[in-house]
Each structure stands twice: as structure tokens, then as C-alpha cells.
Amino acid sequence: MSQVPTEYYLILSAIIFVIGALGVLMRRNALIIFMCVEMMLNAVNLSLIALAREFGQLTGQIVVFFVMAVAAAEVAVGLAILIAYVRHRDTIDIDEINLLRG
Amino acid sequence: MQLLFFLILAAAAIAGALGVVVSKKPVYSALSLLVNFAVAAVLFITLQAQFVAVVQIIVYAGAIVVLFLFVIMLIGGDLPGVAVRPRARAVAAVAALVAGVLALAGLGYALVAGSPAATSGAVPGNGSVQAIGEALFTTYLLPFELASVLLLVAMIGAVALARKDST
């Protein structure tokens, strides 16, 4: 059975990661920046799973499982902080968020 | 045939990723994110990772995207004026270009040099629930328990942060 080479998956993963990084750097909406971070994590998951197949081991998939758990925790806390901030200052523009500036 | 399938999926994944970055409204971004995650789940299945694919659908497409949509609904999410930071745009474009070229160059070098010990074999148990479960409850038992504690802490923290009288 001829399967798609692992390198193709890695290249796709790199492309999605770079698009996500571009979004984090360019957008001002904190929500969309969050989504881009999730997308970058997902791109890394894709490369981990591709390498798990490449080496015929299960470890990569286990690592992806833990990455997902940490991502879920991160999203829950991050969005809670965002909601608290909106309640406080009524903006999610990251150029306006400077509460911790001295 | 498989390559064609992969290319279609890859195009869909990249389109979803671009949609997240480019969309004016956060709702469209969230839906593009959903497309990206769903396509990623299909890619996981093609990579012999059934369990992870199902978890991807449940956790990412189910929980995380719905959470994003709830928050967009709660706080409006619309930002009047420019959606992109004007000055940062050029810097970001250059940075992303450099990162992309570096990543592709690294991969190209690896392609030329040949990957080490590329067995390209089958994943044990095809990444089924049984195989993953056995590894999780034997070799990776401690990280598994720690992950549960992490999730509990995150849950308590989120509730404490988002409560109305806490701020």
C-alpha cells in the first residue's frame, strides 16, 4: 500500500503553523489571536501524529492527547480572563489592553 | 489516489486557516477554525490515529469552538475600525515569510539528507482506543493523572475568574 509521504504532512503542518503565527502577529482582536494560537497547537499535533506513523510508535499520539488536555485548560482560563477584562474595561482590542503597564 | 485525497484535504485545511486570519467578523473566524479542526481530524484518520481523531472532533470541534462561539455571543466580539494593526502588518508579513522559508528549507534539507531510520511502519494497534488506553494506564499513568488535576484546576480557575462579583 503506497501511502502519502510523511514529509507532505510536515510541510502542511508548517504552512498552517506559519499562517497561525501571522494571525497572532497581525490581528488586534484578542479572540482571534486566541483562535490562531489554537490553530498553531493543532498544526503541531498534526506533525506529531505524522511522525508517530513515520516511526511506527504510539508515543506521538499520546503526546497529542496531553497537548489537547492542556489546550482545553488554556482555552477555558484564557477566555475567562478575557470575559473578566471585557466586564472591566469593555474592549478586547489588544492595543488597548495595558492594565499591567506601570 | 491517496495523494489526491491528501491534496484536497490540505487545500481545505489551508483555506480554513486563512479564513481564521482574514475574516472580518469573529464568528466567521470561529467557523473557519471549525473547518480547519474537522479536516485535521480526517488527516489524523489517514495517519492511523483513530482515537486521536475522535478526540479531536469532541474536544476541539465540540468543546473549544463552541466555547469560542459562546464568548463571541457574550461579548459581541465585533471591533469597530481596522481589523489589522497598521504598523505591525509589514513586520508580521516579513516575520512570517522568514519563518515559512526557514521551515520549508529545514524540511527540504531533511528530504535531501534522508530521514534517520525511517521505518514508515504501522502504528501499534492502528492507534485504537485499546492501544492508547494500555499505554496511558501503564507507561504514562503519572502524566495522565496530572492532566486530570490540571483540568480540575483550570475549571475552578475559569469559574472563579468569570464570576460576576470577583472583579
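Describing the overall build of chain B
Phase 1: The number of helices and strands found in chain B is six helices and zero strands.
Phase 2: In chain B, the succession of α and β elements from N to C terminus is α-α-α-α-α-α.
Phase 3: In chain B, which comprises 167 residues, the share counted as buried stands at 33%.
Phase 4: Long-range contacts, defined as pairs at least 24 residues apart, comprise 56% of the intrachain contacts of chain B with a sequence gap of at least 6.
Phase 5: Total accessible area on chain B is roughly 9,700 Å²; 76% of this is exposed by carbon and sulfur atoms.

Focus: a nonpolar patch on the surface
Phase 1: Among the surface-exposed residues, Val27, Tyr28, Leu31 and Leu34 of chain B lie close enough to one another that they form a single nonpolar patch of about 340 Å² accessible area.
Phase 2: Positionally, leucine 31 of chain B belongs in helix H2 (residues 26–46).

Re the interface of chain A and chain B
Phase 1: Contacts between the two partners involve 69 residues from chain A and, on the opposite side, 85 residues from chain B.
Phase 2: Contact between chain A and chain B buries roughly 6,900 Å² in total, counting both sides, with carbon and sulfur atoms accounting for 77%.
Phase 3: Put simply, chain A and chain B have six residue pairs in polar contact (both at pLDDT 80 or more) between them.
Phase 4: Where the side of chain A that touches chain B is concerned, the elements lending two or more residues are helix H1 (6–26), helix H2 (30–54) and helix H3 (59–89) of chain A.
Phase 5: If one sorts the elements of the side of chain A that touches chain B by residue count, H3 of chain A sits on top with 22 residues.
Phase 6: Here the side of chain A that touches chain B is composed, by residue class, of 50 nonpolar, 10 polar and nine charged.

Some thoughts on the side chain of serine 23 of chain B
Phase 1: Assignment of secondary structure puts serine 23 of chain B in the loop between helix H1 (2–22) and H2.
Phase 2: On the accessibility criterion, serine 23 of chain B (13% relative accessible area) is buried.
Phase 3: For serine 23 of chain B, the side chain forms a polar contact with the main-chain oxygen of glycine 19 of chain B, separated by 2.6 Å.
Phase 4: Beyond its immediate stretch of four places on either side in the chain, serine 23 of chain B contacts Arg27 and Ile32 of chain A together with Tyr28, Ser29 and Ser32 of chain B.

What about the domain arrangement of chain B?
Residues and elements named next belong to chain B.
Phase 1: By domain assignment, chain B separates into domain 1 (2–127) and domain 2 (128–167).
Phase 2: If you look at the interface, domain 1 gives seven residues, while domain 2 gives four residues.
Phase 3: For the pair domain 1 and domain 2, the interface holds zero salt bridges.
Phase 4: Our enumeration of links across domain 1 and domain 2 arrives at zero residue pairs in polar contact (both at pLDDT 80 or more).
Phase 5: Looking at the side of domain 1 that touches domain 2 residue by residue, the class counts come to three nonpolar, four polar and no charged.

Description of helix H3 (residues 50–75) of chain B
Phase 1: For H3 of chain B, built from 26 residues, the straight-helix expectation of 38 Å at 1.5 Å per residue is met to within 8% by its first-to-last C-alpha distance of 36 Å.
Phase 2: The sharpest bend along H3 of chain B reaches about 25° and sits at glutamine 56 of chain B.
Phase 3: Within the sequence span of H3 of chain B, burial applies to Phe51, Val52, Ala53, Val55, Gln56, Tyr60, Ala61, Ile64, Val65, Phe68, Val71 and Ile72 of chain B.
Phase 4: Looking at the buried residues of H3 of chain B, the elements they touch are H2 and H3 of chain A together with H2 and helix H5 (129–137) of chain B.
Phase 5: Note on H3 of chain B: the residue one or two positions beyond its end, glycine 76 of chain B, has a positive phi of about 80°.

As for unusual backbone geometry
Phase 1: If you check the backbone angles, glutamine 48 of chain B has positive phi at about 60° while not being a glycine.
Phase 2: Relative to the elements of secondary structure, glutamine 48 of chain B occurs in the loop between H2 and H3.

Details of the environment of isoleucine 14 of chain B
Phase 1: Mapping isoleucine 14 of chain B onto the fold places it in helix H1.
Phase 2: When the C-alpha atoms of isoleucine 14 of chain B and valine 39 of chain B are compared, they prove to be 9.6 Å apart, with 25 residues separating the residues in sequence.
Phase 3: Discounting residues that sit within four places of it in the chain, isoleucine 14 of chain B has contacts with Leu12, Ile15 and Ile19 of chain A.

Quick look at the pattern of salt bridges
Residue and element names in this part refer to chain A.
Phase 1: Summed over the entire model, instances satisfying the criterion amount to one salt bridge over all chains.
Phase 2: Between arginine 28 and aspartate 93 there is a salt bridge whose closest N-O contact spans 2.3 Å. One end of the pair, arginine 28, is in the loop between H1 and H2; the other, aspartate 93, is in the segment after H3, and 65 residues separate them in sequence. Across this residue pair, the class does not change: arginine 28 and aspartate 93 are buried.

Criteria and thresholds
In every chain, residue numbers begin from 1 and rise along the written sequence. In the order they appear in the text, chains get letters beginning with A and ligands get numbers beginning with 1. Two thresholds apply to this predicted model, a pLDDT of at least 70 for residue-level local features and 80 or more for giving and counting side-chain atom pairs, whereas whole-chain, interface and lining totals are computed over all residues. Values shown for side chains rest on all heavy atoms present in the structure; no hydrogens or waters enter the calculation. Only DSSP runs of H or I with at least four residues qualify as helices, and only runs of E with at least two residues qualify as strands; both kinds are numbered from the N terminus onward. Accessibility here uses a 1.4 Å probe with only protein chains present; expressed as a share of the type maximum, an area under 20% marks a residue as buried, one over 50% as exposed, and anything in between as partly exposed. The contact criterion used throughout is that any non-hydrogen atoms of two residues lie within 4.5 Å. Method for areas: the Shrake-Rupley scheme with a 1.4 Å probe, in which residue coverage is limited to the protein chains shown. Two distance rules govern patches: like charges are joined within 9 Å, and nonpolar side chains (Val, Leu, Ile, Met, Phe, Trp, Tyr) within 5 Å, applied only to residues with over 30% relative accessible area and no salt bridge. What counts as a salt bridge is simple: a side-chain nitrogen of Lys or Arg found within 4 Å of a carboxyl oxygen of Asp or Glu. Here's the idea: put two parts together, see how much 1.4 Å probe accessible area each one loses, and the total over both is what we call buried area. Pairs of N or O atoms within 3.5 Å make up the polar contacts considered here, provided that, within protein, one atom can donate a hydrogen while the other can accept it, and that residues adjacent in sequence are counted only when both atoms are side-chain atoms. For this classification, the nonpolar set comprises Ala, Val, Leu, Ile, Met, Phe, Trp, Tyr, Cys and Pro, the charged set comprises Asp, Glu, Lys and Arg, and every other residue, Gly included, is treated as polar. As annotated, the domain borders come from an automatic or database domain assignment. In this analysis, the expected span of each helix is defined as 1.5 Å times one less than the number of residues it contains. At any given residue, the bend is defined as the angle formed between two axes, one fitted to the seven residues that end at that position and one fitted to the seven that begin there.

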